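For reference, the chains in residue letters:
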Amino acid sequence: VQLQASGGGLVQAEGSLRLSCTASGRTFSTYGMAWFRQAPGKERESVGGINRSGTMTYYPDSVKGRFTISRDNFKNTVYLSMSSLKPEDTADYYCAATARSGWVDLTKTDSFDYWGQGTQVTVSS
């Protein structure tokens, strides 16, 4: 699967932004999906995971209540809606996909085999 992320940009603190990630192929619904971010000099971290059907989502405490991950399996797209953005949310944001069967930790980078190219989000104070 190939992933194409978009929607990044410059936004003021307390603003909102929605990222999109569109996957190629016809088996999108068989992939668990997630968004991660990586700021300069820092490790890549999870900001949201969603199971194949979209019925379960996972968030770290740092973004809980502000970020929402969702998916549209008919459009082969996963979204990350971000609100109340803070300067510390500034990073490159990556979508990721996993086709592994069984229970998969959708918050860990090691769980994912496919990555998008990243889209930059900058939050100004």
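As a reminder, the structure under discussion sits directly above these lines.
Cut-offs applied
Residues numbered from 1 in each chain as written. Predicted model: local features only at pLDDT ≥ 70, side-chain atom pairs only at ≥ 80, totals over all residues. Heavy atoms only, no water. Helix = DSSP H or I, 4+ residues; strand = E, 2+ residues; numbered from the N terminus. Rg over C-alpha atoms; globule rule 2.2 N^0.38 Å. Core = buried A, V, L, I, M, F, W, Y, C linked by side-chain atoms within 4.5 Å. Buried < 20%, exposed > 50% of the residue type's maximum accessible area, 1.4 Å probe, protein only. Contact = heavy atoms within 4.5 Å. Pairing = 2+ DSSP bridges. Axes fitted to C-alpha atoms, helices over the stretch in contact; angles between N-to-C directions. Phe/Tyr/Trp six-rings, centres within 6.5 Å; stacked < 30°, edge-to-face > 60°. Disulfide = S-S within 2.5 Å.

A.B. asks: So, the overall build of the chain: which residues are in play, and what are the values?
C.D. replies: When you go through the chain residue by residue, the secondary structure sums to zero helices and 11 strands. Along the chain, from the amino end to the carboxyl end, the secondary structure elements read β-β-β-β-β-β-β-β-β-β-β. For 125 residues, the compact-globule estimate of 2.2 N^0.38 gives 14 Å, and the chain sits close to it at 13 Å. Dimensions of the chain, computed from the C-alpha atoms along their principal axes, are close to 40 × 25 × 25 Å.

A.B. asks: Tell me about the nonpolar core, and name the residues and values.
C.D. replies: Judged by nonpolar contacts, the single largest core of 27 residues is most densely connected at Met33, Trp35, Phe67, Val78, Leu80, Met82 and Tyr93. For this core, the secondary structure elements donating two or more residues are strand E1 (3–6), strand E3 (17–23), strand E4 (32–38), strand E5 (45–50), strand E7 (67–72), strand E8 (77–82), strand E9 (91–98) and strand E11 (119–124). Look past the residues within four positions of Val78 in its chain and what remains in contact with it is Leu19, Ser20, Cys21, Phe28, Met33, Trp35, Ile50, Ile69, Ser70 and Arg71. Counting six residues, the second-largest nonpolar core is a separate cluster that includes Ala34, Phe36, Ala96 and Val104.

A.B. asks: Explain the sheet that holds E8 to me, using residue names and the numbers behind them.
C.D. replies: Within the open sheet, the four strands sit side by side as E1-E3-E8-E7. Their pairing is antiparallel. A strand with exactly one partner marks an edge of an open sheet, and here the two such strands are E1 and E7. Direction aside, neighbouring strands of the sheet carry axes that sit 15° apart on average. When E7 meets E8, the two strands line up antiparallel, connected through six bridges. When the bridges of E8 are listed, Thr68 appears paired with Ser81.

A.B. asks: How would you sum up the packing of aromatic side chains? Please name residues and give values.
C.D. replies: Going through the model one piece at a time under the given rule, you end up with four aromatic pairs. Ring geometry for Phe36 against Phe112: centres 5.4 Å apart, planes inclined by 75°, an arrangement best described as edge-to-face. Taken as a pair, Phe36 in strand E4 and Phe112 in the loop between E9 and strand E10 (114–115) lie far apart in primary sequence, 76 residues in all. For Phe36, a relative accessible area of 1% translates into the label buried. Given a relative accessible area of 5%, Phe112 falls into the buried group. Aromatic side chains Phe112 and Trp115 sit 6.2 Å apart centroid to centroid with 65° between the ring planes, which places their arrangement in the edge-to-face category.

A.B. asks: An account of the state of the cysteines is requested, with residue identities and associated values reported.
C.D. replies: A full pass over the atoms with the stated rule returns one disulfide. Shown here is the disulfide that connects Cys21 with Cys95, its sulfur atoms set 2.1 Å apart. Classification of the bridge connecting Cys21 and Cys95 rests on its S-S torsion, roughly 60°, and on that basis the disulfide is right-handed. Residue Cys21 is located in strand E3, and its partner Cys95 is located in strand E9; the two are separated by 74 residues in the primary sequence. Cys95 matches Cys21 in its accessibility class, with the two residues each being buried.

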